[in-house]
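A closer look at the structure
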Amino acid sequence: MNKLLHTPLTVHNVELANRLVMPPMATGKTPDGTAQDDLLAYYDARSKGGCIGLIVIEHAYISPEGKAHEGQLSVSRDTDIPGLTRLVETIHKNNTRVIAQINHAGSAAMEEITGYPAISASVTAQPEYARKSEKPVREMTADDMHTVAKKFAEAALRVKEAGFDGVEIHAAHGYLLDQFYSPLGNKRADAYGGDLDGRIHLLLDVIRAVREAVGADYLVALRLGASDYTESGATIDDAVYACKKFEKAGVDLLDISGGFNGFTVKNRKGPGFFADASSAIREAVHVPVILTGGVTKANEAEALLEEGAADLIGVGRAIFKDADWAKKEMEE
């Protein structure tokens with residue numbers, strides 16, 4: 001048996017039965033943004049048996065102009081709460097913990113979908129992974145940034161009201177908060193750009209706003225695109241420094257993934273694409289760390305736990321493709 005993988009863990013005040021995480025993966029199953037039967041059935045199938053310690057729901061947009069794609073889940077309206085509550089109840093009845101990931105796409109949003117001009121840290125050419133539209137991007141003003149922090153906080157409060165065990169702020173994969181964090185996307189000359197302290201300014205504003213909204217006892221996680229693995233991009237050293245700041249600001253759980261490079265690292269195969277980043281961060285902070293990327297077997301997850309790469313291991317595509325993956329792998 002994979003001993004570490006089966007070991008329970010308490011994150012803030014949330015008790016997890018084991019160290020296996022189903023990370024957020026977009027399904028496109030919400031045509032109007034609300035959680036309905038098709039989405040509930042998808043998560044019901046994967047949480048049955050309680051074999052996954054924690055599910056992080058696919059990214060939900062905090063405001064209409066921050067919508068990333070058609071069929072994306074919404075947490076931008078109070079009317080979203082009943083559907084989200086049903087989703088939580090579906091997963092909880094299967095003895096599985098669940099948190100919601102909230103997001104603003106920034107320049108990765110398309111005006112053709114949202115009806116709004118895209119906004120970002122800077123009017124710069126975003127890497128192809130992050131930018132899917134040819135329409136111009138507007139550089140955010142101080143009022144825009146205040147509004148975004150407020151929208152994140154309002155969305156987090158809806159997540160709490162729906163009964164989720166926690167909320168995760170999305171700052172990875174080339175979306176808005178990653179666009180501020182990464183020097184590839186942030187060319188600002190004001191207090192929200194320049195050095196790393198400037199580039200994480202908005203992220204800290206969002207963390208503090210969310211923490212104030214949900215209170216001290218609620219689990220707040222953050223998914224960080226730790227490194228861009230690209231020349232002139234964000235580095236692992238940046239991530240270590242930033243994560244110490246995030247922890248101090250009120251983050252209880254760090255979920256480590258890619259930045260403008262996306263979900264993978266070029267020319268890097270096998271389990272644990274981001275293990276170099278997660279290991280360095282784990283050594284520097286006092287909160288648990290999640291590592292996702294390339295894991296397809298329970299023994300691979302166990303090996304990453306044993307080597308200290310993370311405290312929790314996410315398994316994405318294998319669970320996405322096979323609803324019974326966790327049951328089969330965890331019970332073998």
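What this report covers is the structure whose coordinates are included nearby. (Residues numbered from 1 in each chain as written. Predicted model: local features only at pLDDT ≥ 70, side-chain atom pairs only at ≥ 80, totals over all residues. Heavy atoms only, no water.)

1. Looking at the overall build of the chain
- Assigned secondary structure in the chain consists of twelve helices and 13 strands.
- The globule rule puts the C-alpha radius of gyration for 332 residues at 20 Å, and the 18 Å found for the chain is close to it.
- If you line up the chain on its principal axes, its C-alpha atoms span 55 × 40 × 35 Å.
- Counting the 332 residues in the chain, one finds 62% classified as buried.
- A fraction of 71% describes how many contacts in the chain between residues 6 or more apart in sequence connect residues 24 or more apart.
- With the model as given, the accessible surface of the chain reaches about 13,000 Å², and the carbon-plus-sulfur share is 50%.
- Across the chain, the mean location of the 36 positive side-chain charges is 2 Å away from that of the 48 negative side-chain charges. (Helix = DSSP H or I, 4+ residues; strand = E, 2+ residues; numbered from the N terminus. Rg over C-alpha atoms; globule rule 2.2 N^0.38 Å. Buried < 20%, exposed > 50% of the residue type's maximum accessible area, 1.4 Å probe, protein only. Contact = heavy atoms within 4.5 Å. Areas by Shrake-Rupley, 256 points an atom, 1.4 Å probe, with all protein chains shown as cover. Lys, Arg positive; Asp, Glu negative; His and termini not counted. Charge placed at Lys NZ, Arg CZ, Asp CG, Glu CD.)

2. So, helix α2 (residues 81–92)
- Here α2 is twelve residues long and its end C-alpha atoms lie 16 Å apart, about the 16 Å a rise of 1.5 Å per residue gives.
- Taken together, the buried positions of α2 are occupied by I81, G83, L84, L87, V88, T90 and I91.
- Among the structural elements, α1 (37–47), β4 (54–61), β5 (73–74), β6 (97–103) and α4 (142–162) are those in contact with the buried residues of α2. (Expected span 1.5 Å × (residues − 1).)

3. Description of the pattern of salt bridges
- Summed over all chains, the structure comprises 20 salt bridges.
- One salt bridge connects D44 with K93, and the closest N-O pair in it is separated by 3.0 Å. Of the two residues, D44 sits in helix α1 while K93 sits in the loop between α2 and β6, which places them 49 residues apart along the sequence.
- The exposure class of D44 is buried, given its relative accessible area of 16%.
- Where salt bridges share partners, they join D44, K48 and K93 into one cluster. (Salt bridge = Lys/Arg side-chain N within 4 Å of Asp/Glu carboxyl O.)

4. Comments concerning the side chain of D228
- Take D228: it is sitting in the loop between β10 (219–227) and α8 (236–249).
- Summary of buried charges: D228 has no salt-bridge partner, and the nearest side chain of opposite charge, R199, is 7.4 Å away.
- Among the polar contacts made by the side chain of D228, one reaches the main-chain amide nitrogen of A234 at a distance of 2.7 Å.
- With residues near it in sequence (within four places) discarded, D228 still touches S182, P183, L184, G233, A234, G259, F260 and N261. (Polar contact = N/O pair within 3.5 Å; in protein donor to acceptor, adjacent residues only side chain to side chain.)

5. Concerning the pairing of strand β9 (residues 166–171)
- Counting buried positions along β9 yields six of six residues, so the element is predominantly enclosed.
- On β9, burial covers both faces: G166, E168 and H170 on one face and V167, I169 and A171 on the other are all buried.
- When β6 meets β9, the two strands line up parallel, connected through four bridges. The residue bridging I102 from the neighbouring strand is I169, located in β9.
- Inspection of the sheet shows β9 paired to β10 by six bridges, in the parallel sense. Among the inter-strand pairings, H170 is bridged to a residue of β10, identified as R223. (Pairing = 2+ DSSP bridges.)

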